[in-house]
Amino acid sequence: MTRKKEILLNAFNMNCVGHINHGLWTHPRDRSTEYNTLEHWTGIARTLERGLFDGLFIADIVGVYDVYQRNVDVTLRESIQLPVNDPLLLVSAMAAATQHLGFGVTVNLSYEQPYLLARRFSTLDHLTRGRIGWNIVTGYLDSAARAMGLSQQIAHDERYDRADEYLELLYKLWEGSWEKGAVQRDKAARVYADPAKVHKVHHQGRYYQVDGYHLAEPSPQRTPVLFQAGSSGRGQRFAGRHAECVFISPPNKASARKSVDSLREQLMRSGRRADDVKVFVGTAVVTGRTEKEAREKYEDYKRYASREAGLAHFAASTGVDYARYDLDEPIAYGQTNAIESAARTAEQHGWTRRQLLELFELGGRYPAIVGDAAQVADELQSWIEETGVDGFNLSRTVVPESYEDFVDLVVPELQQRGVYKTAYAQGSLRRKLFGASDHLPERHAGAQFRR
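A brief look at the structure comes next.

Rules used in this analysis
The numbers attached to residues start from 1 for each chain and follow its sequence in the written order. At least 70 in pLDDT is required for a residue's local features to be given in this predicted model, at least 80 for side-chain atom pairs to be given and counted, and no such filter applies to totals for whole chains, interfaces and linings, which use all residues. By convention in this description, side-chain values take in all heavy atoms of the structure and omit both hydrogens and water. All axes are obtained by fitting lines to C-alpha atoms, using only the stretch in contact for helices, and the reported angles, taken between N-to-C directions, cover 0 to 180 degrees. Labels follow the DSSP assignment, with helices taken as runs of H or I lasting at least four residues and strands as runs of E lasting at least two, numbered in each case from the N terminus. Here the angle decides the label: under 35 degrees means roughly parallel, over 145 means roughly antiparallel, 65 to 115 means roughly perpendicular, and every other value means oblique. In this scheme the crossing of two helices becomes right-handed for a clockwise turn of the near helix relative to the far one and left-handed for an anticlockwise turn of less than a right angle. The contact criterion used is simple: two residues touch if any of their non-hydrogen atoms lie within 4.5 Å. Classification used: nonpolar for Ala, Val, Leu, Ile, Met, Phe, Trp, Tyr, Cys and Pro, charged for Asp, Glu, Lys and Arg, polar for all others including Gly. Classification of ring pairs uses Phe, Tyr and Trp, with its six-membered ring standing for Trp, and accepts pairs whose centres are within 6.5 Å; under 30 degrees between planes counts as stacked, over 60 as edge-to-face, and the remaining range as tilted. Categorising residues by exposure relies on relative accessible area from a 1.4 Å probe, with only protein chains included: less than 20% of the type maximum marks a residue as buried, more than 50% marks it as exposed, and the intermediate range marks it as partly exposed. Any Lys or Arg side-chain nitrogen found within 4 Å of a carboxyl oxygen on Asp or Glu counts as a salt bridge.

### Digging into the packing of helix 13 (residues 373–387) against helix 14 (residues 401–416)
Helix packing geometry: the angle between the two helix axes and the distance between the axes. Across the interface, helix 13 lies against helix 14 with an axial gap of 9 Å and an inter-helix angle of 60°. Of the possible angle classes, the one that applies to helix 13 and helix 14 is oblique. When the axes of helix 13 and helix 14 are compared, the crossing they make is right-handed. Across the interface between the two elements, A373, A374, V376, A377 and L380 of helix 13 pack against F406, L409, V410, E413 and L414 of helix 14. Considered class by class, the residues forming the contact of helix 13 with helix 14 number nine nonpolar, no polar and one charged.

Here it is in structure tokens:
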């Protein structure tokens, strides 16, 4: 008998008011405006752990969405990821409130010094006891580049060239600066760490230069679990070398299948196994005790959603100011320096402004799964079976009820079908996801720097 594939689940969130499904912060039961309190986040973390979620995936941007109408008016009125607070500072509080929940935190490497970022992630890996992951992004907003002192955004492929070197440097710090056994904590001999087993990193590269010791002692995972979301050709080559989890946001199952197959092939070309990466697809779920209740809830949510805010967000993703076009006017999709895969998808579909507004009826571009627990479970299983993905990044709708509904209704249904865990595995986030070591496998590019 073939064993059923166990579905992986992340909650997809951001340290802000409006994340993906825009406008829903105005719903009377939504509490997203409490994003700047610890209680908001520790409450979410406890709910997710009750539902045995694998992780909380926290997005982030550096910059603002100013492509639509060439200003931030809609962005500010609708709180389209503005204001947005630092995601890393949430983790310690949520880790203290949980025992098993993992945390995938987004950090843009284009604007962070690798030497200090290495310490920050090692610190979080210690404090979470090995439950931290890093969603690696290179940035795509011109507003971020200007805010960080650049005249314009670094070219798309060069951002990944820089990222390759950045990761190599971090591997040297995380994997090679401190040997296994360097930390002795010997009070009687007055030796905390053996100097012979701690090594200075000498890195003189094209983009980065470091001459120093990693400041943190080895953490449970050493290298955090590496997440990545690039779906362009260059992004997939980067993922083939570095990623352990990849997040995709395709418009349909056929597109998802194509992306997954391409990624698996890239992994093997990079000397890794096809299943060395877990693939998560973005979706929203609206459920209820009956189909009627779920449909009514969806219609209720739609009354508060902002299609225009969804369009303004998508404008920043594609680099196209949709406000310049009439509702049915053909869009001139050309080469941009934004998210290449988003622009390519929009161009392939030839979406007009009207069509996009119709797509964004829940305020965002992710397809929504609506129905009772059995119907939602059917659709989730269908995505797993037909596309080859491993799990889902569930975007929030109305908070906290969207999490509570999923945990109370859908999780038991998935468990009854034998496609979702009934208890957490022990160990680090990497061990929970892959069932092997706490550390990078030997065939991963980072393992070559291990001492």
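This is not the end of the story, as more comes after the structure.
### What about the packing of helix 1 (residues 38–50) against helix 14?
Contact geometry of helix 1 with helix 14 gives a least axis separation of 9 Å together with a crossing angle of 15°. With respect to each other, helix 1 and helix 14 are oriented roughly parallel. Here helix 1 runs over helix 14; the crossing is left-handed. Residue-level contacts link I44, T47, L48 and R50 of helix 1 to Y403, E404, V407 and D408 of helix 14. Of the residues belonging to the contact of helix 1 with helix 14, the class tally is four nonpolar, one polar and three charged.

### Section: the packing of aromatic side chains
Tallied over the entire structure, the rule returns 17 aromatic pairs. On the basis of an interplanar angle of 90° and a centroid distance of 5.2 Å, the ring pair of Y166 and Y208 is categorised as edge-to-face. Residue Y166 is located in helix 6 (residues 156–176), and its partner Y208 is located in the loop between strand 7 (201–204) and strand 8 (209–212); the two are separated by 42 residues in the primary sequence. Both residues of the pair, Y166 and Y208, count as buried. Through a chain of ring-to-ring contacts, the aromatic side chains of F121, W134, Y166, W174, Y207 and Y208 assemble into a single cluster.

### Overview of the pattern of salt bridges
The full count for this structure, using the stated rule, is 33 salt bridges. Across the pair R430 and E244 runs a salt bridge whose closest N-O atoms are separated by 2.8 Å. Here R430, found in helix 15 (residues 429–434), pairs with E244, found in the loop between helix 7 (233–242) and strand 10 (245–248); they are 186 residues apart in sequence, far enough to count as distant. Assessed through its relative accessible area of 2%, R430 is described here as buried. The partner of E413 in a salt bridge is R417, with the nearest N and O atoms 2.8 Å apart.

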